[in-house]
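# A structural walkthrough
Letter by letter, the chains look like this.
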Amino acid sequence: MKKETLYNEKSYKGHLLVLSANIIWGLNSPIAKSVLNHLTAFSVTTFRMMGAAAAFWILSLFLPKEKIEKKDRIRIFFAALFAVVFNQGLFIFGLSKTSPIDSSIITTTAPIITMIASAFFLKEPITHKKIIGVIVGALGAITLILSGQANISNVSSGFGNALILTAQFSFAIYLTVFRDILTKYSPVTISKWLFLYASFCFLPLSFNDLKTLPYATIDIDIWLQLSFVVFGATFLAYLFMMSAQKLLRPTLISVYNNIQPIVATLLALALGMDRLGWDKALAISLVFIGVYIVTQSKTKADLEKKRKD
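Predicted model only: the values in this text are computed from it and were never measured.

## Let's talk about a nonpolar patch on the surface
Taken together, the side chains of Ile58, Leu61, Phe62 and Leu63 make up a nonpolar region of the molecular surface, amounting to roughly 470 Å² of accessible area. As for its position among the elements, Leu61 is in the loop between α2 (41-60) and α3 (70-95).

Here it is as structure tokens:
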């Protein structure tokens, strides 16, 4: 009985952590879009990486020290490229060219993309439900990209949507190829090195942008919004998500991605930053249905357990 209670407590904490992370990421799309109206994509991405790196390193000073094995350092560097440099870089650039609602809808394809990457890298079985779910979800993403190209208000673009979709592929590779690293070390240890490596990689690309920014003329509210992007949508959200990965199944965590477009849509519409048409509604429906079908399919562990039983 005690073991069951402990499991339920961990499950509750995991649900709360992953829910909080996705609410923050849902808010991030319209807030980051507002920041991008005043700062360049290069500068915003660099502030995000360097700010999160500083926060994780400061937090690690108050936690037990954890040493990284030499053989893992190079792998963590490449993990940083996929998890932070490519993922966040492409996302911010994509967001600068598309709408907050579109960007959040596309992020819900992450579970589907991760399922495909898991089958390729982790040899997870490809079931009929996964195939159907992938097709339905892909139709939703394609519908959204095509609607962006035809958007007469120019708040959305197919190119921007495609960049954000590519960012999801990058993060899926990180979750699957470097899965053993994620579970080997604590979330803070992994995160502080990921963002430090990412900062070193991205700073040379954005140095000129940072040097030429008109810092004195930027309003305080823009700095406050940027602070949310850095410390809320990056530091806190990544900490919550990586902690939840140790408590909940990956397929269960992926379902919570559906919270993001709902939160982003409500905020963007309230601020008058976007509009919700039938094409976006259709895209939302297709992506949600695709995610649901995929997450209902059996994993490799489920099939192995069934054979043993």
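Having seen the structure, we can now continue with the description.
## A few points about the pattern of salt bridges
In the structure shown here, the tally under the stated rule is four salt bridges. For Lys71, the salt bridge is made with Glu69, and the minimal N-O distance between the two is 3.7 Å. Overall, Lys71 belongs to the exposed group, its relative accessible area being 59%. A salt bridge links Arg75 to Asp180, with the nearest nitrogen and oxygen atoms 2.7 Å apart. Of this pair, Arg75 sits in helix α3 while Asp180 sits in helix α8 (residues 179-184); the two residues are 105 residues apart in sequence, bridging distant segments of the chain. Among the residues examined, Arg75 registers a relative accessible area of 26% and is labelled partly exposed.

## Considering helix α9 (residues 187-212)
Along its 26 residues, α9 runs 35 Å from first to last C-alpha, staying within 8% of the 38 Å computed at 1.5 Å per residue. A bend of about 60 degrees at Ser206 is the largest found in α9.

## Description of the nonpolar core
In this structure, Tyr174, Ile190 and Leu194 are the most contacted members of the largest nonpolar core, which totals 42 residues. Those elements that place two or more of their residues in this core are α1 (2-36), α2, α3, α7 (158-177), α8, α9 and α10 (220-244). Of the residues forming this core, the biggest block, eight residues, is contributed by α10. In this structure Leu194 touches Ile76, Ala79, Ala80, Ala83, Val84 and Tyr174, once residues within four positions along its chain are discounted. With 24 residues, the next largest nonpolar core counts Ile31, Ala41, Ile106 and Val230 among its residues.

## Regarding the packing of aromatic side chains
Tallied over the full model, the rule gives 16 aromatic pairs. Between the aromatic rings of Phe42 and Phe202, the centroid separation amounts to 5.7 Å while the plane-to-plane angle is 45 degrees, which identifies the pairing as tilted. Linking Phe42 in helix α2 with Phe202 in helix α9, this pair joins segments that are 160 residues apart in sequence. Among the aromatic residues, those joined into a ring-pair cluster are Trp25, Phe56, Phe171, Tyr174, Phe195, Phe235 and Tyr238.

## Examining the packing of α2 against α10
Helix-helix packing is described using two parameters, namely the angle between the two axes and the distance between the axes. Two numbers describe how α2 lies on α10: the axes approach to 9 Å, and their chain directions differ by 50 degrees. By the angle between their directions, the pair α2 and α10 is classed as oblique. The crossing of α2 and α10 is right-handed. Residues Val44, Phe47, Arg48, Gly51, Ala52, Ala55, Phe56 and Leu59 of α2 lie in contact with α10, whose contacting residues are Leu226, Val229, Val230, Phe231, Ala233, Thr234, Phe235, Tyr238 and Leu239.

## Here we look at the environment of Ser99
As for its placement among the helices and strands, Ser99 is situated in the loop between α3 and α4 (100-107). In this structure the C-alpha to C-alpha distance between Ser99 and Gly160, which are 61 residues apart in sequence, comes to 8.6 Å.

## Let's talk about the confidence of the model for the protein
Chain-level statistics for the protein give a pLDDT mean of 81 and a share of 83% at 70 or above. Confidence, read as mean pLDDT per element, is least for helix α14 (residues 300-308) in the protein (59) and greatest for α2 (95). The low-confidence segment residues 1-9 (pLDDT under 50) makes zero contacts with residues lying over four places distant or belonging to another chain.

Rules and cut-offs
Residues numbered from 1 in each chain as written. Predicted model: local features only at pLDDT ≥ 70, side-chain atom pairs only at ≥ 80, totals over all residues. Heavy atoms only, no water. Patch = residues over 30% accessible without salt bridge, like charges linked within 9 Å, V, L, I, M, F, W, Y side chains within 5 Å. Areas by Shrake-Rupley, 256 points an atom, 1.4 Å probe, with all protein chains shown as cover. Salt bridge = Lys/Arg side-chain N within 4 Å of Asp/Glu carboxyl O. Helix = DSSP H or I, 4+ residues; strand = E, 2+ residues; numbered from the N terminus. Buried < 20%, exposed > 50% of the residue type's maximum accessible area, 1.4 Å probe, protein only. Expected span 1.5 Å × (residues − 1). Bend = angle between axes of the 7 residues up to and from the residue. Core = buried A, V, L, I, M, F, W, Y, C linked by side-chain atoms within 4.5 Å. Contact = heavy atoms within 4.5 Å. Phe/Tyr/Trp six-rings, centres within 6.5 Å; stacked < 30°, edge-to-face > 60°. Axes fitted to C-alpha atoms, helices over the stretch in contact; angles between N-to-C directions. Parallel < 35°, antiparallel > 145°, perpendicular 65-115°, else oblique. Left-handed = near helix turned anticlockwise from the far one by under 90°. pLDDT = per-residue confidence, 0-100.

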